[in-house]
Amino acid sequence: AVGVKDLAGNALAASRVWSFTTVADTTPPTVTAISPASGATGVATSSAVTATFSEAMNASTISSSTFVLNSPTGPVTATVSYNASTFVATLTPTVALAASTTYTATVTGGAAGVKDLAGNALAANRVWSFTTVAADTTPPTVTTISPASGATGVAVSSTVTATFSEA
């Protein structure tokens with residue numbers, strides 16, 4: 001007889017048949033974490049924006065039209081990617097964000113929004129805001145120089161250097 005056998009070669013006495021019914025996934029996904037945090041201040045102008053979902057998402061529904069970042073003057077041009085292993089969507093602005101500016105991120109819910117693998121949509125838009133770091137208005141200074149100002153007898157092969165107070 002062909003079939004399942006134990007280690008001694010004994011075959012299963014009779015076929016074992018059973019049935020079961022699966023349940024459809026009807027639970028909508030949620031956004032479980034965001035970055036920068038809602039209400040955050042002093043956010044670096046080079047920051048990316050992320051949204052972490054509660055479950056695996058349909059990557060084709062996560063795009064620059066369903067995950068957006070707006071400034072007071074309008075949408076920020078950005079690329080959007082999704083990591084299926086970590087359930088994290090990342091919005092990366094194509095240029096640095098403006099300093100001292102409040103931005104609003106939105107992950108779109110509903111029929112036109114992001115969806116999980118079963119087709120369940122995020123129930124409602126997930127919206128949060130953050131403010132970037134204040135503009136640097138302090139001018140740089142030269143903190144050290146070599147050779148010293150007014151030095152005499154400096155070798156022609158000397159290296160001339162200036163050290164600044166900031167990058």
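Numbers given for residues are sequential positions, taken from 1 along each chain in its written order. Only residues with pLDDT of 70 or above have their local features reported here, since the model is predicted, and side-chain atom pairs are shown and tallied only from 80 upward, although totals for entire chains, interfaces and linings are computed over all residues. Excluded from the side-chain calculations are hydrogens and water; all other atoms, namely the structure's heavy atoms, are used.

A. Representation of the overall build of the protein chain in the model. Along the backbone of the protein chain there are 0 helices and 10 strands. Helix and strand labels come from DSSP, where a helix needs a run of H or I of at least four residues and a strand needs a run of E of at least two; each type is numbered from the N terminus. Ordered by position from the N terminus, the helices and strands of the protein chain form the series β-β-β-β-β-β-β-β-β-β. As a reference, a globule follows 2.2 Å times the number of residues to the power 0.38, and the radius of gyration itself is taken over C-alpha atoms. Against the compact-globule benchmark of 15 Å for 167 residues, the protein chain has a radius of gyration of 29 Å, which places it well outside the compact range. Taken along the three principal axes of its C-alpha coordinates, the protein chain extends 105 × 50 × 20 Å. Within the protein chain, the fraction of its 167 residues that count as buried is 27%. Contacts in the protein chain between residues at least 24 apart in sequence constitute 60% of all its contacts with a sequence separation of at least 6. Reported accessibility uses the Shrake-Rupley method at a 1.4 Å probe radius. Residues are deemed covered only where the shown protein chains occlude them. As presented, the protein chain carries roughly 10600 Å² of accessible surface, and 58% of it is formed by carbon and sulfur atoms. Charge-centre separation for the protein chain: the mean point of 4 positive side chains lies 20 Å from the mean point of 6 negative side chains. Accessible area is worked out with a 1.4 Å probe on protein chains only. A residue is then buried under 20% of its type maximum, exposed over 50%, and partly exposed in between. Whether two residues touch is decided by their heavy atoms; if any such pair falls within 4.5 Å, the residues are in contact. We score Asp and Glu as negative and Lys and Arg as positive, and we do not count His or the chain ends. All charge positions are set by atom: Lys at NZ, Arg at CZ, Asp at CG, Glu at CD.

B. Region of the structure containing the sheet that holds strand β2 (residues 49-53). Strands are labelled as partners when DSSP assigns at least two bridges between them. Strand order in the open sheet formed by 4 strands is β1-β2-β6-β5, and the pairing between neighbours is antiparallel. In the strand order of this sheet, the two ends are held by β1 (31-35) and β5 (78-83), each with one partner. Neighbour to neighbour, the strand axes of the sheet diverge by 15 degrees on average, direction disregarded. As a rule, the C-alpha atoms of each element are fitted with a line to give its axis, helices using only the stretch in contact, and angles between N-to-C directions run from 0 to 180 degrees.

C. View of the nonpolar core. Of all hydrophobic cores here, the largest spans 24 residues; its most connected members are Val49, Phe53, Phe67, Leu69, Val107, Trp128 and Phe130. Looking at this core, the elements with two or more residues in it are β1, β2, β3 (67-71), β5, β6 (88-93), β7 (102-107) and β8 (126-131). Residue contacts for leucine 69: discarding those within four places in its chain leaves Val49, Gly74, Pro75, Val76, Leu91, Pro93, Leu97, Tyr103, Thr104, Ala105 and Phe130. For the purposes of this section, nonpolar cores are sets of buried Ala, Val, Leu, Ile, Met, Phe, Trp, Tyr and Cys residues that join through side-chain atoms within 4.5 Å.

D. Focus on the pairing of β2. Counting buried positions along β2 gives 4 out of 5 residues, so the element sits mostly inside the fold. For β1 and β2, the ladder comprises 4 bridges, and the chain directions are antiparallel. Looking at β2, one finds that serine 35 is bridged to threonine 50. One ladder, built from 4 bridges, connects β2 with β6; its direction is antiparallel. Its bridge partner lying in β6, alanine 51 is registered against alanine 89.

E. View of the packing of aromatic side chains. Whether two aromatic rings pair depends on their centres lying within 6.5 Å, for rings of Phe, Tyr and Trp, where Trp uses its six-membered ring; planes under 30 degrees apart make the pair stacked, over 60 edge-to-face, and the rest tilted. One pass over the structure, following the stated rule, counts 2 aromatic pairs. An angle of 40 degrees between the planes, with centres 6.4 Å apart, marks the rings of phenylalanine 67 and tryptophan 128 as tilted. Taken together, the residues span a long stretch of sequence, with phenylalanine 67 in strand β3 and tryptophan 128 in strand β8 at a distance of 61 residues. On the basis of relative accessibility, which here comes to 2%, the residue phenylalanine 67 falls in the buried class. Ring centres 6.0 Å apart and planes at 25 degrees place the aromatic pair tyrosine 103 and phenylalanine 130 in the stacked group. Remark: phenylalanine 130 occurs in strand β8 and tyrosine 103 occurs in strand β7; sequence separation between them is 27 residues.

F. Structural context of the environment of threonine 102. Summarising the element assignment, threonine 102 is placed in strand β7. Here the alpha-carbon distance between threonine 102 and valine 142, two residues 40 residues apart in the chain, equals 33 Å. Here threonine 131 takes part through its side chain, which lies 2.9 Å from a polar atom of the side chain of threonine 102. Polar contacts here mean pairs of N or O atoms no more than 3.5 Å apart (in protein, one a potential hydrogen donor and the other a potential acceptor; neighbouring residues in sequence count only if both atoms are side-chain atoms).

The values are spatial; any link to function lies outside them.
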